[in-house]
Amino acid sequence: MNALAATNRNFRLAARLLGLDSKLEKSLLIPFREIKVVECTIPQDDGTLATFVGFRVQHDNARGPMKGGIRYHPEVEHDEVNALAQLMTWKTAVANIPYGGAKGGIGCDPGELSTSELERLTRVFTQKIHELIGIHTDVPAPDMGTGPQTMAWILDEYSKFHGYSPAVVTGKPTDLGGSLGRDAATGRGVVFATEALLNDHGKAISGQKFVIQGFGNVGSWAARLIHEKGGKIVAVSDATGAIKNRNGIDIPSLLNHVKENKGINGFHGGDSLDPELILVEDCDILIPAALGGIINRENANDIKAKFIIEAANHPTDPEADEILSKKGVVILPDIYANSGGVTVSYFEWVQNLQGFLWDEKKVNNELKTYMTKAFKDVKKMCQSHNCDLRMGAFTLGVNRVARATVTRGYGRGWEA
Ligand SMILES: NC(=O)C1=CN([C@@H]2O[C@H](COP(=O)(O)OP(=O)(O)OC[C@H]3O[C@@H](n4cnc5c(N)ncnc54)[C@H](O)[C@@H]3O)[C@@H](O)[C@H]2O)C=CC1
Ligand SMILES: O=C(O)CCC(=O)C(=O)O
């Protein structure tokens, strides 16, 4: 099932559990605006021209400015960006931060582009969308293949048209008003979420065996913090390769290796592993932290983990959800588990609007408060609707957005 069909399906199940009116259901599903920049043309370093296609989907703004990352990846396409934008709407509502949802991306391989090509591409894309984003309308942030430097270029290009506007993006470098703790926030939030779930099962991180797919921003921060808390990471993969070590991988050494070599490949602190098999490695807790749709009916039956923490967006296909649920595997869904990133993005935006910087301890403490509260809210919905954690999170998010939509006057005014 493609990402959009899967996300729509989860939304519809939640709408039914909530008993939403069918017209409201349809209105919540349809995106507010879809932008396709067909021509992002840049001169390459060798003087030839290259054209890329960029997207920004603004899904919903009932609860506040639309918010979500920008992804640079060869597989970026319309349906996936739509699904990711919709997930942001439910995610910001689950986290209970005053935003709607959006997502964007450019179909490109950032590993194949030089820094100056990436800068030109980012600036051209920003020129084409600058009138449609803004501090109180739509605030981009990093996602796969982008980071603080990308946000700095967007901020600079946007500011040429609108005046200096640090709050137009989050996940910026701290030199430009980025928040302390944003870089680590998604991984740290994943760890807080894992602790909340394990605590609910009378367990702790220490002594658990973890497998992590993806060792970029989210996967590497999650690994570092789990390692510090005594969790044993027995296998890790990224786009360059995979390794395993039943005694636990030395994560600080792996972080150094990845910094120097731009990937896991060549690390000697474990045995190499077929990256295709990482998801079915023996462990207690599996953390997908890379691509979507990777847990599906082909591999769900072979998964050994008892818990799956969705650090990536939509890693689990609905067919796999069913198989895993029958096996008793507990899945902590993306729209809660990885909400730490957008939550600290919210703190960054608040700091920018107030012109007042928080220290890192305050950021991390507030993040923990938000993650702990959201877990309790999700669990309450699970009890009210007798459903699993994914539907608990979806009903929580969809209900909050539906209430805001109706309270703002949906269906009134233009009917009279
Ligand atoms: N950066 C953020 O703040 C947030 C990111 N996410 C999600 O987390 C996931 C990871 O994002 P980031 O860490 O930011 O991206 P990133 O670009 O920093 O890292 C991505 C990682 O995935 C690896 N990867 C790519 N293809 C792979 C494959 N086939 N097998 C194994 N590994 C592979 C890359 O080598 C890299 O290590 C994405 O699904 C993203 O949407 C979710 C919430 C916030
Ligand atoms: O920090 C943000 O605004 C968005 C992060 C994001 O793209 C996500 O949570 O998937």
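Look up a bit, the structure's there.
Residues numbered from 1 in each chain as written. Chains lettered and ligands numbered in written order. Predicted model: local features only at pLDDT ≥ 70, side-chain atom pairs only at ≥ 80, totals over all residues. Heavy atoms only, no water.

Draft legend 1. View of the nonpolar core. In terms of nonpolar packing, the biggest core is built from 83 residues, with Leu28, Leu254, Ile287, Leu332, Tyr336 and Val398 touching the most fellow members. For this core, the domains that each give at least three residues are domain 1 (31–168 + 396–416) and domain 2 (184–337). When near neighbours in sequence (up to four residues on either side) are disregarded, leucine 254 contacts Phe215, Val236, Ile243, Ile249, Ile264 and Phe267. Ranked by size, the runner-up nonpolar core spans 24 residues in total, among them Phe52, Tyr72, Ile106 and Met151. (Core = buried A, V, L, I, M, F, W, Y, C linked by side-chain atoms within 4.5 Å. Buried < 20%, exposed > 50% of the residue type's maximum accessible area, 1.4 Å probe, protein only. Domains from an automatic or database assignment. Contact = heavy atoms within 4.5 Å.)

Draft legend 2. Highlighting helix α9 (residues 318–327). Of the residues making up α9, those classed as buried are Pro318, Ala320, Asp321 and Leu324. For α9, the angular spread of the buried residues around the axis is 145 degrees, confining them to a single face. A side-chain oxygen of the first residue of α9 lies 3.1 Å from the backbone nitrogen of glutamate 319; this N-cap is aspartate 317. After α9 finishes, the residue glycine 328 shows a positive phi value of roughly 85 degrees. (Helix = DSSP H or I, 4+ residues; strand = E, 2+ residues; numbered from the N terminus. Arc of directions from axis to C-beta. Polar contact = N/O pair within 3.5 Å; in protein donor to acceptor, adjacent residues only side chain to side chain.)

Draft legend 3. Representation of the site of ligand 2. Taken together, 13 residues are adjacent to ligand 2, and Lys67, Gly69, Lys91, Lys103 and Ser345 come closest. Interatomic distance of 2.7 Å between a side-chain N/O atom of lysine 67 and an oxygen atom of ligand 2. Between lysine 103 and ligand 2, the recorded distance is 2.7 Å, taken from a side-chain N or O atom to an oxygen atom. With the chains in place, 95% of the 290 Å² that ligand 2 exposes on its own is no longer accessible. (Near = heavy atom within 4 Å. Areas by Shrake-Rupley, 256 points an atom, 1.4 Å probe, with all protein chains shown as cover.)

Draft legend 4. Region of interest: helix α5 (residues 148–162). With 15 residues, α5 ought to run about 21 Å at 1.5 Å a step, and its terminal C-alpha atoms sit 20 Å apart, in line with that. Close packing links the buried residues of α5 with β3 (66–73), α4 (115–129) and β5 (138–142). Of the residues trailing α5, glycine 163 is marked for its positive phi of about 85 degrees. (Expected span 1.5 Å × (residues − 1).)

Draft legend 5. Quick look at the site of ligand 1. Lining the immediate environment of ligand 1, one finds 22 residues, of which Asp143, Thr186, Ala239, Ala290 and Asn313 sit closest. Measuring from an oxygen atom of ligand 1, one finds a side-chain N or O atom of arginine 71 at 2.9 Å. Between ligand 1 and aspartate 143, the relevant distance is 2.7 Å, taken from an oxygen atom to a side-chain nitrogen or oxygen of the residue. Here ligand 1 has 830 Å² of accessible area as a free molecule, and 83% of this is covered by the chains. Where the shell around ligand 1 is concerned, the elements lending two or more residues are α6 (182–200), α7 (217–228) and β7 (232–238). Classifying every residue of the shell around ligand 1 by side-chain character gives 9 nonpolar, 9 polar and 4 charged. Counting contributing residues per domain, the shell around ligand 1 is built from domain 1 (31–168 + 396–416) and domain 2 (184–337), each supplying no fewer than three. (Nonpolar A, V, L, I, M, F, W, Y, C, P; charged D, E, K, R; others polar.)

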